[in-house]
Amino acid sequence: MKFMEINGVRLSRLIMGTGDLSKLNGTDMLDTYVAAGGTTIDTAHQYRRAETIIGQWMTEKGNRNQMVIMTKGAHHNDGSPGPRVNAEAIRKDLFESLDRLETNYIDLYALHRDEPGTRVGPIMEELNLHLSEGRVRAIGASNWTHQRIQEANDYAQAHGLSGFMFSSTNLALAVANEPRWEGCVSADEQAVQWHERRQLPLLAWSAQAGGFFTGLFSPEDRTNSDMVRVYYNEDNWKRYERAKKLAESKGVTALHIALSFVLNRPFPTGAIIGPRSDAELMDSVKAMEIELTEAEQEWLDLKREELAV
């Protein structure tokens, strides 16, 4: 397992996603993840059941101090109608998450969505209040564009506050045609360059592009409408073919290469994964050990035509 640091929080770069966590098998997978060296769990106020399961699990195991919890709040479709990226909703969601997780602090706290046009000042002031009072150890933005993060961080700098310390958007070798879910943001080339210049960590969700590189999909098979809508395009099929070719030369799979691509960016990255079996989890761990050169990354991403492999 490899690690990174955000505002003094040391976290594993493979992050266990819990959007589909269930009481029946969820804690078994958490145990397997920890045994593999993982420390970091991604959840959200909107994932009510998951937060409760995680809280009970940490209490039963007595391992809260060994775990890094990333949770998110202020989702626009969570609870009360109307705008929710505001101080009141942040406060409500944070305290409820703390209660469900059976803890008195969150390691990495992110706003789950943005509401473009909302003033950033009151948001940053509210997040900094919880930083100063020790309820959260680092603050970030999930599904905010890099322009909005920059706006918020400019405000923070001008007012002696801490800015966003990480971002969590979609980043994958397969480039999304459109948002997978309403309000979601994918890191485009401009965003990648911005992250590289600022070295702001990006914790990528759907880092494996929904399984696009598993071999379970093909241009002719259009039965999965969501995959077709989000990932089917000519360039992504070219990326898939190149991933297969590079994987063959390294003795791994195209899926390993795709995840390694995310973990080998020229700025700090983590990958949120959602394994459904021990084998899938260990596959992700294996991908972390693969080193990709800059030339290999550029070739995979169609930025150069030839690569000797």
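Described below are features of the structure shown in this document. (Residues numbered from 1 in each chain as written. Predicted model: local features only at pLDDT ≥ 70, side-chain atom pairs only at ≥ 80, totals over all residues. Heavy atoms only, no water.)

## Thoughts on the pairing of strand 6 (residues 108-111)
Burial along strand 6 is two-sided: Leu108 and Ala110 and Tyr109 and Leu111, pointing in opposite directions, are all buried. Pairing geometry for strand 5 (residues 68-73) and strand 6, over 4 bridges, is parallel. By the bridge assignment for strand 6, Met70 is matched with Leu108. Taking the sense of rotation as the criterion, the β-α-β connection linking strand 6, helix 4 (residues 120-132) and strand 7 (residues 139-142) turns out right-handed. (Buried < 20%, exposed > 50% of the residue type's maximum accessible area, 1.4 Å probe, protein only. Helix = DSSP H or I, 4+ residues; strand = E, 2+ residues; numbered from the N terminus. Pairing = 2+ DSSP bridges. Right-handed = clockwise from strand over helix to strand, strands pointing away.)

## Details of the pairing of strand 1 (residues 3-6)
A one-sided burial pattern is seen for strand 1, the buried positions being Met4 and Ile6 and the unburied ones Phe3 and Glu5. Pairing analysis gives 4 bridges linking strand 1 to strand 2 (residues 9-12), with the strands arranged antiparallel. Looking across to strand 2, one finds that Met4 is bridged to Leu11. Connecting strand 1 to the next strand, strand 2, in antiparallel fashion are 2 residues, including Asn7 with a positive phi near 50°.

## Description of the environment of Gly17
Turning to its location among the elements, Gly17 is positioned in strand 3 (residues 14-17). Put simply, Gly17 and Ala89 are 72 residues apart on the chain and 23 Å apart in space, counted from C-alpha to C-alpha. For Gly17, the residues in contact, after removing those within four places along its chain, are Asp42, Ile272 and Ile273. (Contact = heavy atoms within 4.5 Å.)

## Focus: the environment of Ser277
Positionally, Ser277 belongs in the loop between strand 10 (269-273) and helix 10 (278-288). A relative accessible area of 28% places Ser277 in the partly exposed class.

## Points about the nonpolar core
Ranked by size, the top nonpolar core spans 99 residues in total, and within it Leu108, Trp144, Phe212 and Phe213 carry the most contacts. Leave out the neighbours within four places in its chain, and Leu108 touches Ile6, Val9, Leu11, Val68, Ile69, Met70, Thr71, Ala138, Phe166 and Leu203. (Core = buried A, V, L, I, M, F, W, Y, C linked by side-chain atoms within 4.5 Å.)

## A closer look at the packing of helix 4 against helix 5 (residues 146-158)
Packing of helix 4 against helix 5 brings their axes to within 9 Å, and their N-to-C directions diverge by 70°. Relative to helix 5, the element helix 4 lies roughly perpendicular. For the crossing formed where helix 4 meets helix 5, the hand is right-handed. Facing Val120, Gly121, Met124 and Glu125 of helix 4, the residues of helix 5 in contact are Arg148, Glu151, Ala152, Asn153 and Tyr155. Residues of the contact of helix 4 with helix 5, tallied by class, amount to 4 nonpolar, 2 polar and 3 charged. (Axes fitted to C-alpha atoms, helices over the stretch in contact; angles between N-to-C directions. Parallel < 35°, antiparallel > 145°, perpendicular 65-115°, else oblique. Left-handed = near helix turned anticlockwise from the far one by under 90°. Nonpolar A, V, L, I, M, F, W, Y, C, P; charged D, E, K, R; others polar.)

## A closer look at the packing of aromatic side chains
Tallied over the entire structure, the rule returns 10 aromatic pairs. Their ring planes at 80° and their centres at 5.1 Å tell us that Phe212 and Phe213 sit as a pair that is edge-to-face. Like Phe213, Phe212 is buried. Taking the centre distance of 5.0 Å and the plane angle of 75° together, the rings of Tyr232 and Trp237 count as edge-to-face. Among the aromatic side chains, those forming a connected cluster through ring pairs are Phe212, Phe213, Tyr231, Tyr232, Trp237 and Tyr240. Across the ring face of Tyr105, the terminal group of Arg64 is positioned such that the distance to the ring centre comes to 4.0 Å. Over the aromatic face of Phe261 sits the side chain of Arg265, whose NZ or CZ is 4.4 Å from the ring centroid. (Phe/Tyr/Trp six-rings, centres within 6.5 Å; stacked < 30°, edge-to-face > 60°. Lys NZ or Arg CZ within 6 Å of the ring centre and 35° of its normal.)

## A few points about the side chain of His130
Structurally, His130 can be placed in helix 4. Overall, His130 belongs to the buried group, its relative accessible area being 2%. A polar contact is formed between the side chain of His130 and the side chain of Glu126, at a distance of 2.7 Å. Setting aside anything within four residues of it in sequence, one finds His130 in contact with Arg91, Leu94, Phe95, Arg135 and Val136. (Polar contact = N/O pair within 3.5 Å; in protein donor to acceptor, adjacent residues only side chain to side chain.)

## What to know about helix 9 (residues 254-263)
Most of helix 9 is tucked away: 10 of the 10 residues are buried. Three or more residues of helix 9 are buried, namely Ala254, Leu255, His256, Ile257, Ala258, Leu259, Ser260, Phe261, Val262 and Leu263. For helix 9, the elements touching its buried residues are strand 3, strand 9 (202-204), helix 8 (234-250), strand 10, helix 10 and helix 11 (294-300).

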